[in-house]
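Each chain, letter by letter, is given below.
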Amino acid sequence: MAEVLLPRKMEIANGPSKFGSAHLLHVLAVDDSHVDRKFIERLLRVSSCKVTVVDSATRALQYLGLDVEKKSVGLEDLKVNLIMTDYSMPGMTGYELLKKIKESSAFRDIPVVVMSSENILPRIDRCLEEGAEDFLLKPVKLSDVTRLRDSLMKVADLSFTKKRELETEHAYSLDSSPRSQLKRAKI
């Protein structure tokens, strides 16, 4: 019986970020190459991201709980903000992983970035059409990771602001008595 390795989760807390909080983006990095995994892990850590690395698409599915046979156990705080996957991997490609994630109701909204050392336009187009957030050529640069992180943080900030506006609007619409409107006017 083959041993199932649990993904390694690294948390790097560098204090408040330029976004005003210590909230870290959690990135699931998937690559069969040990060297590439270490490289992308380092770039993400330098960018103040929490990183979980796995060595195959199958292990990524296990980590996310999308593999019904073998789910990862004992990992709390499964919230993943971004998945970065290599395209060419044995067993299941990054493209196939992308498709499974986008088919999942629980994970379809998580941005997926596909990485490859091969600049093959039909492959890039197919990934983007399937819903990939971006397609990066290897070696991935720190500027690529920074751009992705900044973009995700802006989206998160906008959705938080919009959610607060909707909650406030909803709270005011529930109580429209003259007395409550007078209280709101004084605020």
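The preceding data block contains the structure.
Everything quoted here is computed from the prediction, not taken from an experiment. (Residues numbered from 1 in each chain as written. Predicted model: local features only at pLDDT ≥ 70, side-chain atom pairs only at ≥ 80, totals over all residues. Heavy atoms only, no water.)

A. The overall build of the protein, seen in detail. On a plain count of helices and strands, the protein comes out with six helices and six strands. Written out in order from the N terminus, the α and β elements of the protein read β-β-α-β-α-β-α-β-α-β-α-α. Pairs at least 24 residues apart make up 65% of the contacts formed inside the protein by residues separated by at least 6 positions. Per element, the accessible surface of the protein, about 11300 Å² overall, is 55% carbon and sulfur. (Helix = DSSP H or I, 4+ residues; strand = E, 2+ residues; numbered from the N terminus. Contact = heavy atoms within 4.5 Å. Areas by Shrake-Rupley, 256 points an atom, 1.4 Å probe, with all protein chains shown as cover.)

B. Looking closely at the environment of Arg108. Its place among the elements puts Arg108 in the loop between helix 3 (94-103) and strand 5 (112-116). By relative accessible area, Arg108 is classed as partly exposed at 40%. In this structure, the C-alpha to C-alpha distance between Arg108 and Leu98, residues 10 residues apart in sequence, is 9.2 Å. (Buried < 20%, exposed > 50% of the residue type's maximum accessible area, 1.4 Å probe, protein only.)

C. A look at the packing of helix 3 against helix 4 (residues 121-130). Contact geometry of helix 3 with helix 4 gives a least axis separation of 10 Å together with a crossing angle of 10 degrees. By the criterion of interaxial angle, the relationship of helix 3 to helix 4 is roughly parallel. Residues Tyr95, Leu98, Lys99 and Lys102 of helix 3 touch helix 4, and the partners they reach there are Arg126, Cys127 and Glu130. Tallied by class, residues from the contact of helix 3 with helix 4 come to three nonpolar, no polar and four charged. (Axes fitted to C-alpha atoms, helices over the stretch in contact; angles between N-to-C directions. Parallel < 35°, antiparallel > 145°, perpendicular 65-115°, else oblique. Nonpolar A, V, L, I, M, F, W, Y, C, P; charged D, E, K, R; others polar.)

D. Up close: unusual backbone geometry. Here the residue pair Lys138 and Pro139 is connected by a cis peptide bond, since its omega of 0 degrees sits within 30 degrees of zero. With respect to the helices and strands, the residue Pro139 is situated in the loop between strand 6 (134-137) and helix 5 (142-174). Of note, Ser48 is a non-glycine position whose phi angle comes to about 65 degrees, a positive value. Along the polypeptide, Ser48 turns up in the loop between helix 1 (34-46) and strand 3 (50-54).

E. Main features of helix 2 (residues 57-64). Of all eight residues in helix 2, six are buried; the element is thus mostly enclosed. Of the residues one or two after helix 2, Gly65 is the one with positive phi, at around 80 degrees.

F. Region of the structure containing the side chain of Asp86. Mapped onto the elements of the fold, Asp86 is located in strand 4 (residues 82-86). Accessibility expressed as a relative area gives 6% for Asp86, which makes it buried. In terms of polar contacts, Asp86 uses its side chain to reach the side chain of Lys138, at 3.0 Å. Among residues more than four places away in sequence, those in contact with Asp86 are Val30, Asp31, Asp32, Gly94, Met115, Ser116 and Lys138. (Polar contact = N/O pair within 3.5 Å; in protein donor to acceptor, adjacent residues only side chain to side chain.)

G. Structural view of the nonpolar core. The biggest cluster of nonpolar side chains holds 25 residues, and the ones touching the most others in it are Leu28, Val30, Leu64, Ile83, Leu97 and Cys127. Elements that contribute at least two residues to this core include exactly strand 2 (26-30), helix 2, helix 3, strand 5 and helix 4. With five residues, the top contributor of residues to this core is helix 2. Those residues within four positions of Val30 in sequence are excluded, and the remaining contacts are Val54, Ser56, Ala57, Ala60, Ile83, Met84, Thr85, Asp86, Met89, Leu97 and Met115. Among the nonpolar cores identified, the runner-up in size contains 19 residues, and Val51, Met115, Leu136 and Val140 belong to it. (Core = buried A, V, L, I, M, F, W, Y, C linked by side-chain atoms within 4.5 Å.)

H. Spotlight on the environment of Leu148. Checked against the element boundaries, Leu148 lands in helix 5. Along the chain, Leu148 and Val113 lie 35 residues apart, while their C-alpha atoms are 9.1 Å from each other. For Leu148, the contacting residues outside a window of four places in its chain are Met84, Val113, Asp134 and Leu136.

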